[in-house]
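Examination of the molecular architecture
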Amino acid sequence: MPANFKAELVGCFGQPVAENPTGAMQEAAFEALGLNWRYLTVEVKPGDLGNAMLGVRAFGMRGVNLTIPHKVAVIRHLDETAPDAAIIGAVNTVRREGDKLIGENTDGKGFLCGVRDAGLDPKGKRAVVLGAGGAARAIVTELALAGAADVLVVNRFAERGATMAAEVASSTNAPIRFQAWQGYYPVSADADILVNATSIGLYPNSDAMPPVDLNAAHPRMLVCDAVFNPPETRLIATARQQGLPVVDGLAMLVYQGAIAFELWTHEQAPEQVMKRALRRALGLVI
Ligand code: NDP
């Protein structure tokens, strides 16, 4: 066989991007599968995104991840957007198919993988999602598309939450409701899943806990947190203490990366390898 010294390229564009740990888990996955692929973590200023996407085409890159502040702005530089990413209105993964760049959103799907890993199928279930930002919208969309029986969006700024709930409901025909967040949100006994998709608890404010009252919660309600730094948020720790099952933000982060890996390489992602690499990159005990 002739020698092939050409690596396949993927990467991440963001600003700031230096602390983004995704490269560590993708590179570990390439190595585990013996793939000659490289993941480039690149700082791209907002005004340079168009040129950066032309670079993706010029270099024949297989795809890229987008992070803050490019997830929405990238859409106008793409040839197509996957239906769920179009509903979410944001793209975190671009894949190349022939000459076309196609936008995907793997955040909400990554969340669903974590939920299923915990043994819960969201179909027919009742979910409460705290927050109405980008992460919440991706999670609400995927819960709706997965057939959740009821999705209640709870957000501090009522207008943002009500608009998000109404937009996703009209795009998916799913039963999505909104409730304004006043004081402690009492989680009712009929909720099967509670998700914190706000940034409450994110480092350096790791002592913060979303104002929720878990006292009336069903004893098997699954408590999920999108915050992955730290993975053991106060919400996750409190739920554990109450004996509730939990899914931390690392699960969503690993699975959104695993789905991107599969979209790019068409190989099955080595999820355990990726999880270990991510924990190591974040300085967590393996
Ligand atoms: P956004 O800035 O888009 O949204 C933030 C949300 O948090 C808003 O709904 C905001 O409410 C709410 N919020 C923030 N502070 C408070 C507060 N003090 N009280 C009540 N509500 C508050 O952020 P993202 O959606 O992009 O990210 C949210 C979290 O999800 C972050 O911690 C991020 O790291 C994490 N994330 C995790 C991923 C993973 O793979 N694990 C992937 C993507 C994100 P309001 O509208 O009222 O301001």
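From a predicted model like this one, the values you see are computed outputs, not experimental measurements. (Residues numbered from 1 in each chain as written. Predicted model: local features only at pLDDT ≥ 70, side-chain atom pairs only at ≥ 80, totals over all residues. Heavy atoms only, no water.)

1. Examining empty space enclosed by the protein
Selection criterion: Only protein atoms enter the 1 Å grid, on which a cavity is a set of points fitting a 1.4 Å probe that cannot get out and a pocket is an open set with protein on both sides within 12 Å along at least 5 of 7 lines, lining residues being those with an atom within 4 Å of a point. Grid points are joined across faces, edges and corners, and a volume is the space filled by probe spheres set on the points. Runs of H or I in DSSP of at least four residues are treated as helices and runs of E of at least two as strands, each being numbered from the N terminus.
This structure, assessed with the given rule, holds 1 cavity of 30 Å³ or more. Considering only enclosed or pocket space, the largest cavity measures out at about 40 Å³ in volume. The wall of the largest cavity is formed by Phe111, Gly114, Cys224, Asp225, Ala226, Val247, Asp248 and Met252. Among the elements of the structure, helix H4 (107-117) and strand E13 (222-225) are those that each provide at least two residues to the lining of the largest cavity.

2. Some points on the side chain of Asp248
Applicable threshold: For the exposure calls, accessible area comes from a 1.4 Å probe over protein chains only, and a residue counts as buried if that area is under 20% of its type's maximum, exposed if over 50%, partly exposed in between. By the counting scheme adopted, Arg and Lys are positive, Glu and Asp are negative, and His together with the chain ends is not counted. In what follows, salt bridge is the name for a side-chain nitrogen of Lys or Arg lying within 4 Å of a carboxyl oxygen of Asp or Glu. Polar contact criterion, stated in full: a pair of N or O atoms within 3.5 Å, where within protein one must be able to donate a hydrogen and the other to accept it, and residues adjacent in sequence count only if both atoms are side-chain atoms. In this description, contact between two residues means that some pair of their heavy atoms is separated by no more than 4.5 Å.
Note on placement: Asp248 falls in the loop between strand E14 (246-247) and helix H8 (249-265). Summary of buried charges: Asp248 has no salt-bridge partner, and the nearest side chain of opposite charge, Arg279, is 5.0 Å away. Here the side chain of Asp248 touches Leu250 through a polar contact of 3.0 Å, landing on its backbone nitrogen. Filtering out sequence-adjacent residues up to four positions away, Asp248 remains in contact with Asp225, Pro231 and Ile236.

3. Here we look at the site of the ligand
Definition in use: We call a residue near a molecule or strand whenever a single non-hydrogen atom of that residue lies within 4 Å of it. More than half of a molecule's atoms within 2 Å of the grid points is what it takes for that molecule to sit in a cavity or pocket.
Near the ligand you find 21 residues, and of these Ala132, Ala135, Asn155, Arg156 and Arg160 are the closest. One nitrogen or oxygen atom from the main chain of Ala132 is found 2.8 Å from an oxygen atom belonging to the ligand. Here the ligand is seated within the largest pocket. Taken together, the elements giving at least two residues each to the shell around the ligand come down to helix H5 (134-145) and H8.

4. Topic: the sheet that holds strand E8 (residues 150-155)
The line we're drawing: Here the rule is simple: two strands pair whenever DSSP picks up at least two bridges between them. Axis lines are fitted to C-alpha atoms, over the contacting stretch for helices. Their N-to-C directions set the angle, which ranges from 0 to 180 degrees.
As summarised here, the arrangement of the 6 strands in space is E9-E8-E7-E11-E13-E14, forming an open sheet in which the pairing is parallel. Two strands in the sheet have a free side with no partner beyond their single neighbour: strand E9 (176-180) and E14. Inspection of the sheet shows E8 paired to E9 by 5 bridges, in the parallel sense. Opposite Val154, over in E9, you have Gln179 as the bridge partner. Its contacts with the sheet put H5 on strand E7 (126-130), E8, E9 and strand E11 (193-196), and the angle it makes with E7 is roughly 170 degrees.

5. A word on the nonpolar core
Rules: Here, nonpolar core refers to any group of buried Ala, Val, Leu, Ile, Met, Phe, Trp, Tyr and Cys residues whose side-chain atoms link them within 4.5 Å.
In terms of nonpolar packing, the biggest core is built from 33 residues, with Phe111, Val129, Leu143 and Ile176 touching the most fellow members. Put simply, the parts of the chain that give this core at least two residues each are H4, E7, H5, E8, helix H6 (158-172), E11, E13 and H8. Ignoring sequence-local partners within four residues, the contact set of Ile176 consists of Val140, Ala144, Val151, Val153, Ala165, Val168 and Ala169. Val254, Ala258, Ala260 and Leu278 belong to the second largest nonpolar core, which has 20 residues in total.

Fair warning: the whole summary comes from geometry, so function is off the table for now.
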